[in-house]
Amino acid sequence: MEKRLRSSLKTSAEEFLSSAAKSTLKSSKPSLKTIVNSVKPSSDLSSSLPLALLHSILHHTQSFQNPSHPPPPPPPSPSNSPPPKRQRGNGPPGSDSDSDQQQHQILASLQVLSHVLHLCVLSPKKAFSASDLLPAAQALHNSLILFESDPVLCLEVAGVCESWWKEGLIERETLISQLLPFLLSRSLTLKKKVDVHRVYMLREAFALFDFDDEESIGDLRMLLMRCVVSPLYLKTEDGQRFLSFAFGLSRQLMKSGLAVVKAQIPFGRKSVLEGFGGILFRAWREVEDDLRGEIEEGFMQGIVDCAIHAGSSAFAASLRKDPDATKEEKDKLLDKQFYLLEKLMSDECPEVRSVAVEGLCRVFYLFWEVIPSLTITKIITKIFNDMSHESCSEVRLSTVNGITYLLANPQSHGILKVLLPRLGHLMLDSVTSVRVAMVDLLLLLRDVRTFQFNTVVSLDVLLSVLASDQTHVAKGIARLLMPSYFPSRKRAEEACTRCRTLINRNPLAGARFCEFLVSLGATVQSARQLVGFFLDSILSGDDKLEDNQIEGLLVASYYLCKDLVAADSGCMASLKELLPGEKLKSLLASAPTAQAQSAVFDILAMVSPETVSEVLEDCMNLVVTCGGLPGDEGRQVEIRSVHKLLLSSNAFSDLIGTFTSTLQKTAYRCQINFGDEVERNNVYSATRKKSKSSKNSSSAKWKHVSEKNAISFEDDYSVAVGISWQIKDLLIMEDARKAILESSDIEELCIALKVVSQTSILQSSCCRYMDVYPVLAYTSLALHMTLQNLDTDDILDQTMSHILGCTEQLFQEGDNGTSETIALKTHLSKKSKRRNSNDSDDASEGLRSKEGGVLNKVKMLTAILKFIVESTEMGLASHFQARMLKFTSAYLKYAISSFDHHSTGKLQFEDADLKDIILCAKSSTSYAGKLINLLMRGPSCPLFEAFDLANDLLDLFTAVEISLGSAYALKLVTALNPWIPDLVLALGPCFINNNMEEEEEDSYTSRFNHIKLCFPTWLLTCAKLELHEMDDTSESSHLQLPALKRLRDTIVSLVKGSSKVVDGIGYVVLMCSAVCIEKKDYSTVLGLLHFLCVKLLSREEEEEEDREWKELDTMLVSLPRIYPMIEREIGEERDEEEVKKLEAARELLLPVWTYHVYETGRFRMMEEEEE
């Protein structure tokens, strides 16, 4: 049949349709699909076939309407052919049987023509114009009612109209007026779920009808009302969703639908009523506000009224409190009500329990006198004992709010006085809103004479919360304690003494108490007196104050000074009088802790910044005595206060000079100890011209610091780390950043950081004290210098080149198998004559264990990757893209190797170190994904490098799950998920788009060699998973990798629908399969091809197997290379098990191969050449 149809197609479109119309739809369907789908847009048929279809459809439709004008008879049959059936019959030519047979033949022809039109609409090559096909589609649609006797034809016509609507083709609104009533009627008649689904998928088309036009829309509205009461629509999800949508089409339609629902309620089954409930709830949630009122007021209010008035007499009496009822009846009904209310406190829904608790407290407040005392005691005891310990925070909050409301009724105080201490634990609740409510309750109790708030919550608990909680909670507690510890009605001396007593009891809480005094109403005069009282207490030396108490007094003084300056600018003069320079210097000497010194520095910066010269030496000693600073939060606060003081007093340049000279000393010792020479480029030449005297002085500094060798190198380096932390911290503050960038020492500071950073990177894995902060300060400074001078990015370019060069040297040593520890010892022995012997001992004693070296190196590389991503995001250092990607890939490979070594026992990380490495891996995963995203936006992304990095990311994820388990792998999922689309693009389209200018053979060879060199190991694991899923007894049956499976499925679902992406990833999988064939790894070949054909290329919406690989041109190009390889290996392999694997792999590709050999001839020429 197909040959006959193809032959007629070569003659003309009319001949093709005439020939097709003589066949039955069932017999001609496959052939018609193949022929129509093969028509190309450039073919003459793309314009002639739609016109021929229109003429043929109109002709057959007219013939069906008027049987007296039949279509032209078919060509006469050959003499040896049997006569047509109607000539064999006994009836005359004009009998009724001939007329029926003719009508049947016309309908059968229209079935075929409708199917041809449907194929043209869905042409995969878009060979036919929608405007050319529209008249034929309209002709069929307008005759849909005429064909109601033939359900097959009606279904074909409906399919044409449905596809036209779903494809969004032109004038689709002209093909729904007959289609929608037909589909509604069909769904109600045949009662099949698939028809309901078809109606739901076309729901948007119903909005085009005017449902307010009673005359034209009556029949359609009647069908919709039948749907409302149809069990099929009420029980299926699509049916319920469609009815919810239909209710929102018009107000009149909603009223009619609600009336139908209301009429069904008294008689409907439970399942029907539940269906109505779901429909109305969804409609109420989705319709516009004006229609929502119809449901709320017009329907639901009426239902509620009916429910109230339709109850039993006993129920009505309980609602109306029948005055004729006896006391016993009333008590019985009252007990029943409270039984039901109490039952609500045990409801499974936390929202119900929350409302029940607060509601019962309000009921008790209003009707305390009429409720039996036993009932009150029982329920309130349950509230205090059970509801205050609820797992749901909203219930606990409602408990406190309810009791607070109940306190307004004095008759409740008797029982509450006994029970309130049971709420004390809520002052330490994990939810802030509950603690705030508790403070409000305590404030209310403070003003009631019969209560003492400290019996509900102990003073120690209140002070601990005051010292550490959020501002809103702490301020409330300060308000609660203010009448006791700073009473306004007492003399100033007594108030100050009481406040001092509070600080002595709990210094942190006392200082926090003073933080809120002015805002809570303390007078300026009293606050000033309190500051003087505190400072005199410290300086008098009469009392033996403990260190934490002195700290509390100084911090409290700082809070008070800050509030006084903010509240009244006139206070500054009196504070200066109170705090002369000598007094502040004495306070600094008396400050025993970092927090205390920080408070003194803050006061000095605020009150007397001009006297900083008197304490400048102390300040400088603090900033350079900073070993171990990054891990000491208390000292960090103190250091920040010093920075603030120096910045406010114009002494900041001295600070930068001190930083520079100290770092130069460490840089010199780095060069001596490790031989890390750097090129001293003038990195700031673009913006600053330094004088000769400046250069000479800096050179003198380098020579001078070489003589300062009093402390060990490790201590020296630790100070450099602390200074680096300070520089990075200062760069965050706008004023400090501006001062640093304008400093005359900026060039020497940058060079010193460059040297220390180089040493930190190169020695990160062998010296235990090497730290990441010099690199962070160096890169952060370079970024800000570049951002300040946007006309040039030379500064960042030099920094980026230097950092990447250091990492390349670091990785090269690892690749060469050089033991960094041995290299260090050797270097130390060679340099021993050039430096103090103590330096050699110091450096060698700092040798790091293998595990510690890995952790340090990973932290260092993570910081560098962060710098790379930040620079890229700002559009800087764009010409380093390939090196950036290579660095990131090398880092991820190093992390993978470390995890593998841990799993095999070569490395044995402690739990804390492993946790830190995983944290770095998680951050690095996010950075690497973002880097791919940023670089792929640009026009010149290095595609091979991006492809490698995407594979390395997936390899890292796989290695973590295999080495450490799924729990650790899942920690990387949150970091990886946002970048999976970018990984997919890098895996497929990036790879096949690389080297597009090369010849096909050269391009394939270069890609093949690249895959061979950098084979993605995650694909090997995926192949094993595929084998495991194919056969539980396979060698990979031990694999349990749920995280990788989930990631694989995510990638597969993401690429569905994008032929270009599928083509790219499929090409990579085929090329990996070819590499594995060359390596004789047939198991992996089978697993990869199974992943490709079953997972990646599965077409869930198509029943037939995809033998064409539509729009997968790159995969089809590679298929003639791999299929013959499999055939050849089958012929040469002698191991039967291996042959079975190859044959199974061949079976996966066979349908596509045979289709293009025998159907399209795409591979025929290649076969002949091979022969």
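These numbers come from a predicted model, not from an experiment. (Residues numbered from 1 in each chain as written. Predicted model: local features only at pLDDT ≥ 70, side-chain atom pairs only at ≥ 80, totals over all residues. Heavy atoms only, no water.)

1. What about the nonpolar core?
Then step 1. Core analysis: the largest hydrophobic core is formed by 284 residues, its most contacted members being Leu420, Met427, Phe513, Leu554, Leu781 and Trp1109.
Then step 2. At 13 residues, the largest contribution of residues to this core is made by helix H55 (residues 1059–1078).
Then step 3. Here Phe513 is in contact with Leu466, Ala478, Leu481, Met482, Tyr485, Phe486, Cys499 and Leu502, once residues within four sequence places are set aside.
Then step 4. One finds Ile35, Ala52, Phe242 and Phe276 within the second-largest nonpolar core, a separate group that totals 89 residues. (Core = buried A, V, L, I, M, F, W, Y, C linked by side-chain atoms within 4.5 Å. Buried < 20%, exposed > 50% of the residue type's maximum accessible area, 1.4 Å probe, protein only. Helix = DSSP H or I, 4+ residues; strand = E, 2+ residues; numbered from the N terminus. Contact = heavy atoms within 4.5 Å.)

2. A word on unusual backbone geometry
Note on backbone geometry: most residues besides glycine have negative phi, and most peptide bonds are trans.
Then step 1. Positive phi values are uncommon outside glycine, yet Lys126 reaches one of about 50°.
Then step 2. Within the secondary structure, Lys126 is located in the loop between helix H6 (96–121) and helix H7 (130–142).
Then step 3. Relative accessible area serves as the criterion here: at 57%, Lys126 is assigned to the exposed category.
Then step 4. Positive phi values are uncommon outside glycine, yet Ala877 reaches one of about 55°.
Then step 5. Position of Ala877 relative to the elements: it lies in the loop between helix H45 (850–873) and helix H46 (881–904).

3. As for the packing of helix H8 (residues 151–166) against helix H9 (residues 179–190)
Then step 1. Between H8 and H9, the shortest axis-to-axis distance is 10 Å and the interhelical angle comes to 125°. As judged from the angle between their axes, H8 and H9 are oblique. With respect to the hand of their crossing, H8 and H9 are arranged in left-handed fashion. Counted together, Cys154, Leu155, Ala158, Cys161 and Glu162 of H8 and Leu179, Phe182, Leu183 and Arg186 of H9 form the full contact between these two elements.
Then step 2. Of the residues that constitute the contact of H8 with H9, the class distribution is seven nonpolar, no polar and two charged. (Axes fitted to C-alpha atoms, helices over the stretch in contact; angles between N-to-C directions. Parallel < 35°, antiparallel > 145°, perpendicular 65-115°, else oblique. Left-handed = near helix turned anticlockwise from the far one by under 90°. Nonpolar A, V, L, I, M, F, W, Y, C, P; charged D, E, K, R; others polar.)

4. Here we look at the side chain of Ser537
Then step 1. The topology assignment puts Ser537 in helix H29 (residues 524–540).
Then step 2. Since its relative accessible area comes to 8%, Ser537 is described here as buried.
Then step 3. A distance of 3.2 Å separates polar atoms of two side chains, one belonging to Ser537 and the other to Arg500.
Then step 4. Within the local environment of Ser537, its side chain forms a polar contact with the backbone oxygen of Phe533, the two atoms lying 2.8 Å apart.
Then step 5. In contact with Ser537, other than residues within four places in its own chain, are Arg500, Leu545 and Leu553. (Polar contact = N/O pair within 3.5 Å; in protein donor to acceptor, adjacent residues only side chain to side chain.)

5. Quick look at the pattern of salt bridges
Then step 1. Taken as a whole and assessed by the stated rule, the structure comprises 37 salt bridges.
Then step 2. With its nearest N and O atoms 3.7 Å apart, the salt bridge here joins Arg362 to Glu358. Highlighted residues: Arg362 and Glu358, both in helix H19 (residues 350–367), separated by four residues, approximately one helical turn.
Then step 3. We classify Arg362 as partly exposed; its relative accessible area is 35%.
Then step 4. With a closest N to O distance of 3.0 Å, Glu808 and Arg883 form a salt bridge. In this pair, Glu808 sits in helix H42 (residues 794–815) while Arg883 sits in helix H46, placing the two residues 75 residues apart along the sequence.
Then step 5. What emerges from the salt-bridge pattern is a single network uniting Glu1026, Glu1029, Arg1048, Asp1049 and Lys1095. (Salt bridge = Lys/Arg side-chain N within 4 Å of Asp/Glu carboxyl O.)

6. As for the confidence of the model for the chain
Then step 1. When pLDDT is averaged along the chain, the result is 84; 86% of the residues meet or exceed 70.
Then step 2. Note on residues 313–320: pLDDT is under 50 here. Beyond four places in sequence and across chains, it has four contacts.
Then step 3. Every residue in residues 682–709 is under pLDDT 50, and counting partners more than four places away or in other chains gives 43 contacts. (pLDDT = per-residue confidence, 0-100.)

7. A closer look at helix H35 (residues 633–648)
Then step 1. Helix length check: H35 (16 residues) gives 23 Å between terminal C-alpha atoms against 22 Å at 1.5 Å per residue, within 8%.
Then step 2. All buried positions along H35 are accounted for by Arg635, Gln636, Glu638, Ile639, Ser641, Val642, His643, Leu645 and Leu646.
Then step 3. The secondary structure elements touched by the buried residues of H35 are helix H33 (594–607), helix H34 (616–624), helix H36 (652–674) and helix H38 (713–730).
Then step 4. The opening residue of H35, the one whose side-chain oxygen lies 3.2 Å from the backbone nitrogen of Gly634, is Asp632. (Expected span 1.5 Å × (residues − 1).)

8. Quick notes on the packing of helix H26 (residues 471–485) against helix H27 (residues 492–505)
Then step 1. Packing of H26 against H27 leaves a shortest axis separation of 9 Å and a crossing angle of 125°. Put simply, H26 runs oblique to H27. Of the residues in H27, those touching H26 at Pro483, Ser484 and Tyr485 are Ala495, Arg498, Cys499 and Leu502.
Then step 2. Tallied by class, residues from the contact of H26 with H27 come to five nonpolar, one polar and one charged.

9. Side note on the packing of aromatic side chains
Then step 1. Scanning the model with the defined rule gives 16 aromatic pairs in all.
Then step 2. An aromatic cluster is defined as three or more aromatic residues linked by ring pairs; in this entry it consists of Phe674, Phe713, Tyr717 and Tyr769.
Then step 3. The positively charged end of Arg203 is found above the aromatic ring belonging to Tyr200, 4.1 Å away from the centroid.
Then step 4. Looking at Arg292, its charged tip hangs above the ring of Trp284, at a distance of 5.7 Å from the centre. (Phe/Tyr/Trp six-rings, centres within 6.5 Å; stacked < 30°, edge-to-face > 60°. Lys NZ or Arg CZ within 6 Å of the ring centre and 35° of its normal.)

10. A closer look at a negative patch on the surface
Then step 1. Taken together, the side chains of Asp210, Asp212, Asp213 and Glu215 define an acidic patch exposed on the protein surface.
Then step 2. For Asp213, the location among the structural elements is in the loop between helix H10 (193–201) and helix H11 (214–228). (Patch = residues over 30% accessible without salt bridge, like charges linked within 9 Å, V, L, I, M, F, W, Y side chains within 5 Å. Areas by Shrake-Rupley, 256 points an atom, 1.4 Å probe, with all protein chains shown as cover. Lys, Arg positive; Asp, Glu negative; His and termini not counted. Charge placed at Lys NZ, Arg CZ, Asp CG, Glu CD.)

11. Side note on the side chain of His1090
Then step 1. Summarising the element assignment, His1090 is placed in helix H56 (residues 1082–1096).
Then step 2. Given the relative accessible area of 14%, His1090 is considered buried.
Then step 3. At 2.7 Å, the side chain of His1090 forms a polar contact with the side chain of Glu1026.
Then step 4. Other than its neighbours up to four places away in sequence, His1090 contacts Glu1026, Met1030, Lys1095 and Leu1148.

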